[in-house]
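Close look at the chain arrangement
Below are the chains, spelled out letter by letter.
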Amino acid sequence: MILPAIICVIIFNYIPMYGIQLAFREYDFTAGLTGGGEWVGLQYFEQFIKSHMFTDLIRNTLVISITTIVVGFPAPIILALLVNQIRWKRGKRILQTTVYLPHFISIVVLVGLLNVLLSPNTGLIGLLIAKMGFEGTNLLASTTAFVPVYVLSDIWQHVGWNSIIYLAALSSVDPQLYDAAKIDGANRWQIIRNVEIPAIIPTIIILLILNMGTVISTGFEKIFLMQNSLNLPISEVIETYVYKIGIISNQFSYAAAIGLFNTLINFTLLVIVNSIAKRVAKISLW
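Here goes a summary of the coordinates provided. A quick note: this is a predicted structure, and the numbers were derived from the prediction, not measured.

This part takes up the environment of V151. Following the sequence through the fold, V151 ends up in helix α8 (residues 146-171). Sequence separation of V151 and G246 is 95 residues, and the distance between their C-alpha atoms is 27 Å. Here V151 is in contact with T67, T68 and V71, once residues within four sequence places are set aside.

This next bit is on unusual backbone geometry. The phi angle at N250 is positive, at roughly 60 degrees, despite the residue not being glycine. Mapped onto the elements of the fold, N250 is located in the loop between α13 (238-248) and α14 (252-280). The partly exposed category is assigned to N250, whose relative accessible area is 43%.

Before going further, it helps to spend a moment on the pattern of salt bridges. Note that side chains of opposite charge can pair when their charged atoms are close. Throughout the structure, instances matching the rule amount to two salt bridges. For the salt bridge of R59 with D56, the shortest nitrogen-to-oxygen distance reads 2.9 Å. Here R59 and its partner D56 are both found in helix α3 (residues 54-72), three residues apart, which amounts to about one turn of the helix. The exposure class of R59 is partly exposed, given its relative accessible area of 39%. K244 is paired through a salt bridge with E236; the nearest N and O atoms lie 3.0 Å apart. With relative accessibility at 22%, the residue K244 sits in the partly exposed group. When its relative accessible area of 7% is taken as the criterion, E236 is described as buried.

Another aspect to go through is helix α4 (residues 74-84). Where burial is concerned, most of α4 is hidden: eight out of the 11 residues are buried. When we look at burial in α4, the residues that qualify are A75, P76, I77, L79, A80, L81, V83 and N84. In this structure, the buried residues of α4 make contact with α3, α5 (89-100), α8, α9 (175-183) and α10 (188-212).

The subject of this paragraph is the packing of α13 against α14. If you want to describe how two helices pack, look at the angle between their axes and the distance between the axes. At a minimum axis distance of 8 Å, the contact between α13 and α14 shows a crossing angle of 165 degrees. Relative to α14, the element α13 lies roughly antiparallel. Seen along the crossing, α13 lies across α14 with a hand that is left-handed. Taking contact as the criterion, the partners of I238, E239, Y241, V242, I245 and G246 in α13 are, on α14, F252, Y254, A255, I258, G259 and N262. For the contact of α13 with α14, the residue count by class is eight nonpolar, three polar and one charged.

Reading guide: rules and limits
- Residues numbered from 1 in each chain as written.
- Predicted model: local features only at pLDDT ≥ 70, side-chain atom pairs only at ≥ 80, totals over all residues.
- Heavy atoms only, no water.
- Helix = DSSP H or I, 4+ residues; strand = E, 2+ residues; numbered from the N terminus.
- Contact = heavy atoms within 4.5 Å.
- Buried < 20%, exposed > 50% of the residue type's maximum accessible area, 1.4 Å probe, protein only.
- Salt bridge = Lys/Arg side-chain N within 4 Å of Asp/Glu carboxyl O.
- Axes fitted to C-alpha atoms, helices over the stretch in contact; angles between N-to-C directions.
- Parallel < 35°, antiparallel > 145°, perpendicular 65-115°, else oblique.
- Left-handed = near helix turned anticlockwise from the far one by under 90°.
- Nonpolar A, V, L, I, M, F, W, Y, C, P; charged D, E, K, R; others polar.

See the structure below:
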């Protein structure tokens, strides 16, 4: 039964890893897909590190990624704890369905909604901001507002879906623990703090480790669609830069080196955080 999944992983995840060799050699168009040109070693890595864009790209990527983790990671945990406290089953199902739905909205549609709602002239939120005395403010064109808009819209879209795994963990809590807490006179907040949160801590740690493995990967589609010439100083991240260098400028080897650099940093952070979690909490991926 798992054979189709294994085949898909091999085809789409392992076979493309052959392209890593392009980061260490000069791409030759005449060699076809393999691009087997002259080996240049770490030339493209040095070129990227010495590039005037290096500092800005690392800063922008870290700011967006860390803000997303710090603000967005606790959101589904809080939502799951709150939903788990609802005793009205029909209302609970309606709420869950409502918060799950945004996850299925296309990134293109979501960015389109942001453009419509945040328009300073015709958007609902844009008009509200104008009424507050900030007339003409375009949040999508502001370097200071780009990160909050990106993070908050990301939370709105995915908080419900991400809470499912925590709700699943909460459903496995022994009912006797709830009964014992109530007998001892615990209120709802004390039950959350002493029963439910300890029950989902292993799940929280595992997901935190996985998220730290992508701390340098902000995602391409949404940021690229939200980019414009005015917010580019803060919205240009490693993955959008790789696209522009590799696809638009046809510098395939240079783009491959930048992408590999990004992956190595993510992998290093994953190993470090996993080791820390293993030593401190005795919970790890391996």
